[in-house]
Amino acid sequence: MDLLKLDEVTVDMMYGGMRGIKGLVWETSVLDPDEGIRFRGMSIPECQQKLPKAEGGDEPLPEGLFWLLVTGDIPTEAQVNAISKEWARRAELPAHVVTMLNNMPSKLHPMSQFSAAVTALNSESTFAKAYSEGVHKSKYWEYVYEDSMNLIAKLPVIAATTYIYRNTYRDGKGIGAIDDNKDWSANYCTMLGFDDPQFSELMRLYLTIHSDHEGGNVSAHTTHLVGSALSDPYLSFAAGLNGLAGPLHGLANQEVLIWLEKLRKQVGDNFTEEQLKEFIWKTLKSGQVVPGYGHAVLRKTDPRYTCQREFALKHLPNDPLFKLVAAVYKVVPPILTELGKVKNPWPNVDSHSGVLLQYYGLKEMNYYTVMFGVSRALGVLAQLIWSRALGFPIERPKSFSTELLMKQFGK
Ligand code: CMX
C-alpha cells in the first residue's frame, strides 16, 4: 500500500507541545482555526437552528447533539425525547458511589470529587466485565456504547443532587429527583436547586457547546489515549476529567471569574478603558496569563464565546458583570497582540461562561469546571464508541531524548 504522507515533524514541534502535528483521527468534530468548531460538519449556529429544542425553547438539546456526534445524522424530536427518557432511566448511582461522595471532605475541589466518583463507577462497567469474560473484539464498541450511555446518564446526578454541588455548598440539603418527563439539562438544573426555565435554556446551550473540540485538546486526547489501552469508559473519562481540571484547560472558566472579581473590586462599575488596560498589564507583568484568552488552534474569537455573548445580549444586557466582560473583550486583544508572542489574542469559551452562571445565581466558581466536564462527556464518549468500533490500536507515539536529538542534528 502507498504511504499517504500528511505531515512532517520538526524538532521545534516536539519541544513545542506537539502543536500542529497531525497525528490523531477524531470523527465527531473538526476545529477550523478561523471558523471554529464543527460537530459532524455542523457549526454552532447550524446546531442552534437544526437540532431539536425543548418545548418553547430556543437552544438545542444536548441529547440531539450526542445523537449527531454518534450517528452523524440530525435526530428527530421523537429520537431526542427517547434519549432523554433513556438517560433518566439509567441515572441511579450504585450505593458505594453515594457513600463515597457523602464521605468526601467538602474542602476537596469539586473536580477531584467528580473524577474520583467517575473512577469508582467503573464497578458497573459492562465493557470491563465482557472483556474479562473474553468477548470478541468486534463487539467491544457495543459495551463501550452501553457504558457511555450509563455514564452520561449518571453524570448530572453525581455532579448535582445530594452529592458534589449540594454536599460542598448546601450542606447536602435539598435533594432533587430525576423526572422521566424532563430532559437531561432540566433534570440537572432541578437537582442543582434551580427552577428558572431560562437557566435550563442556558444549560442546554452550555452543555451542547462544551461537548467536543476535536481530538488534540487535553481532556479529549487523554480520554482517547487511556481508552486505547482498553481501560473502560469510566476510567478513560475520569482521566480526561483530571486533564480538564488544569488551569490552562477547563479550569480557566474558574480562573476567569476570580480574575474578573479582582478587576471589578479594583475598578468598580464605572471604569475607564485606561483602568482596564492598567489591570491587564499588571496581570501580564506579574508573569500570569489573561485567563479566557488565547488558544492552541483557534485564531479568531471562539464561536462558543460568541453564542454565549449573544445569549447575554438577549437575556442580561444590563448586567454589570456582562458589561465588564464586554469591555474587556475590546481591550485585551490589542494588548496581547502588542506582546508579540501570543498567537491568538481573542477570547475562548471560558471567557464568557462564568458571567452567565453568576447572573442566574450559580455563584460557586470552583464548581464551573464540573459543568464543563458533564458536557465534555458527550464528545469524548461518542468518539470512544467509534474508536473501538474502528478497532484503533493502543496509542504509542515515539519519543526521543535531547541527547539523541543532539546526536542526530548536532547543535
Ligand atoms: N495571556 C498571556 N499570555 C498568553 C496568553 C494569554 N491569554 N495566551 C498565550 N500566551 C503566551 C503563552 O503563555 C506563551 O508564552 P511563553 O512563550 O512565554 O511561554 C506565548 O503566549 C505563546 O503561546 P501560544 O502559542 O499563543 O499559546 P499556546 O498554544 O501555547 O497555549 C493556551 C494556548 C490556551 C494554553 C494559552 O493561550 C493560555 O494560557 N490562555 C489562558 C488560559 C486559558 O484561557 N485556557 C483555556 C483554553 C480553552 C480551554 O481549553 O478550555
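The structure this text deals with has already been given above.
Starting afresh in each chain, residues are numbered from 1 along the sequence in its written order. Local features in this predicted model are restricted to residues of pLDDT 70 or higher, and side-chain atom pairs are both shown and tallied only at a pLDDT of 80 or more, whereas totals for entire chains, interfaces and linings draw on every residue. Water and hydrogen atoms were dropped before computing side-chain values, which therefore reflect all heavy atoms in the structure.

Let us now look at the site of the ligand. Lining the immediate environment of the ligand, one finds 20 residues, of which His-249, Gly-292, Tyr-293, Lys-341 and Asp-350 sit closest. For the ligand, an oxygen atom lies 2.7 Å from a polar atom in the side chain of Lys-341. Surface accessibility follows the Shrake-Rupley procedure with a 1.4 Å probe radius. Residue values consider only the protein chains on display as shielding. For the ligand, whose accessible area on its own is 890 Å², the fraction buried by protein is 75%. Ten residues, namely Ala, Val, Leu, Ile, Met, Phe, Trp, Tyr, Cys and Pro, are considered nonpolar, four, namely Asp, Glu, Lys and Arg, are considered charged, and the remaining ones, Gly among them, are considered polar. Residue composition of the shell around the ligand, grouped by class: eleven nonpolar, five polar and four charged. Nearness is defined per residue: one heavy atom within 4 Å of the molecule or strand is enough. Identification of polar contacts relies on pairs of N or O atoms within 3.5 Å, with a donor-acceptor requirement for protein atoms, meaning one able to donate a hydrogen and the other able to accept it, and with residues adjacent in sequence counted only if both atoms are side-chain atoms.

Right, let's talk about the packing of aromatic side chains for a bit. Any two rings among Phe, Tyr and Trp, with Trp reduced to its six-membered ring, count as a pair given centres within 6.5 Å; such a pair is stacked if its planes are under 30 degrees apart, edge-to-face if over 60, and tilted if neither. Applying the stated criterion across every chain yields a total of eleven aromatic pairs. Taking the centre distance of 5.5 Å and the plane angle of 65° together, the rings of Trp-259 and Phe-279 count as edge-to-face. With Trp-259 in helix H14 (residues 252-267) and Phe-279 in helix H15 (residues 273-285), this residue pair connects regions lying 20 residues apart in the sequence. Each member of the pair Trp-259 and Phe-279 is classed as buried. Of the aromatic side chains, those joined through ring pairs into one cluster are Phe-194, Phe-199, Tyr-359 and Tyr-360. Only when the NZ atom of a Lys or the CZ atom of an Arg is both within 6 Å of the ring centre and within 35 degrees of the ring normal do we say a charge sits over the ring. The ring centre of Phe-400 lies 5.4 Å from the NZ or CZ of Lys-398, which sits over that ring. The way it works is that DSSP assigns letters per residue, a run of H or I at least four long becomes a helix, a run of E at least two long becomes a strand, and they are numbered from the N terminus. Buried, partly exposed and exposed residues are distinguished by accessible area as a fraction of the type maximum, computed with a 1.4 Å probe on protein chains only: under 20%, between the cut-offs, and over 50%, respectively.

Glancing now at helix H12 (residues 218-228). Here H12 has its buried residues at Ser-219, Ala-220, Thr-223, His-224, Gly-227 and Ser-228. Here the buried residues of H12 occupy an arc of 165° about the axis, which is enough to place them on one side. Positive phi shows up at Leu-230, right after H12, with a value of about 65°. This arc is taken over the directions from the axis of the helix to the C-beta atoms.

What follows deals with empty space enclosed by the protein. A cavity here means a set of points on a 1 Å grid, drawn over the protein atoms and nothing else, where a 1.4 Å probe fits but cannot get out; a pocket is an open set with protein on both sides within 12 Å along at least five of seven lines, and a residue lines either one if it has an atom within 4 Å of a point. Grid points are joined across faces, edges and corners, and a volume is the space filled by probe spheres set on the points. Counting across every chain of the model gives two cavities of 30 Å³ or more. Considered as a void within the structure, the largest cavity measures approximately 50 Å³ in volume. What lines the largest cavity is a set of 13 residues, and nearest its centre among them are Trp-87, Ala-88, Ile-178, Trp-184 and Asn-187. Listed by contribution, the elements that provide at least two residues to the lining of the largest cavity are helix H4 (77-89), helix H8 (140-159) and helix H10 (184-192). In terms of residue count, H10 provides more of the lining of the largest cavity than any other element does, four residues in total. Its residues assigned to classes, the lining of the largest cavity shows nine nonpolar, two polar and two charged. The calculated volume of the second largest cavity comes to roughly 50 Å³.

In this section: the side chain of Gln-254. Within the secondary structure, Gln-254 is located in helix H14. With residues up to four places along the chain from it excluded, the contact list for Gln-254 reads His-109, Met-365, Asn-366 and Thr-369. Here a residue-residue contact requires only that any non-hydrogen atoms of the pair lie within 4.5 Å.

We now examine the state of the cysteines. Cysteine sulfur atoms that pair up within 2.5 Å are treated as a disulfide. A complete count under the given rule lists zero disulfides for this structure. For the unlinked cysteine Cys-189, the closest cysteine sulfur is that of Cys-307, found at 16 Å. Free cysteine: Cys-307, not disulfide-bonded; nearest cysteine sulfur from Cys-47 at 10 Å. By relative accessible area, Cys-307 is classed as buried at 5%.

As a further point, take the environment of Ala-238. By the element assignment, Ala-238 lies in helix H13 (residues 233-244). For Ala-238, a relative accessible area of 2% puts it in the buried group. The sequence separation of Ala-238 and Met-18 amounts to 220 residues, and the corresponding C-alpha distance is 23 Å. Those residues in contact with Ala-238 that sit more than four places away from it in its chain are Ser-115, Val-118 and Thr-119.

Our focus in this paragraph is the pairing of strand S1 (residues 29-32). The alternating pattern of S1 places Ser-29 and Leu-31 on a buried face and Val-30 and Asp-32 on a face that is not buried. Two strands pair under a simple rule: DSSP has to find at least two bridges between them. Two strands pair when backbone bridges link them, and S1 and strand S2 (residues 36-39) are joined in this way by four bridges, in the antiparallel orientation. When the sheet's bridge partners are listed, Leu-31 is paired in S2 with Ile-37. Two successive antiparallel strands, S1 and S2, enclose a turn made up of three residues.

The backbone of Arg-40 sits at a positive phi, close to 45°, despite the residue not being glycine. Relative to the helices and strands, Arg-40 resides in the loop between S2 and helix H2 (44-50). Positive phi is not limited to glycine here, since Glu-214 has a value of about 50°. Its place among the elements puts Glu-214 in the loop between helix H11 (197-209) and H12.

The topology assignment puts Met-365 in the loop between helix H18 (350-359) and helix H19 (368-389). On a C-alpha basis, the gap between Met-365 and Val-355 in space is 9.9 Å, while along the polypeptide they are ten residues apart. Not counting residues within four places of it along the chain, the set of residues in contact with Met-365 comprises Gln-254, Leu-257, Ile-258, Glu-261 and Gln-358.

Keep in mind these values describe shape, not function.
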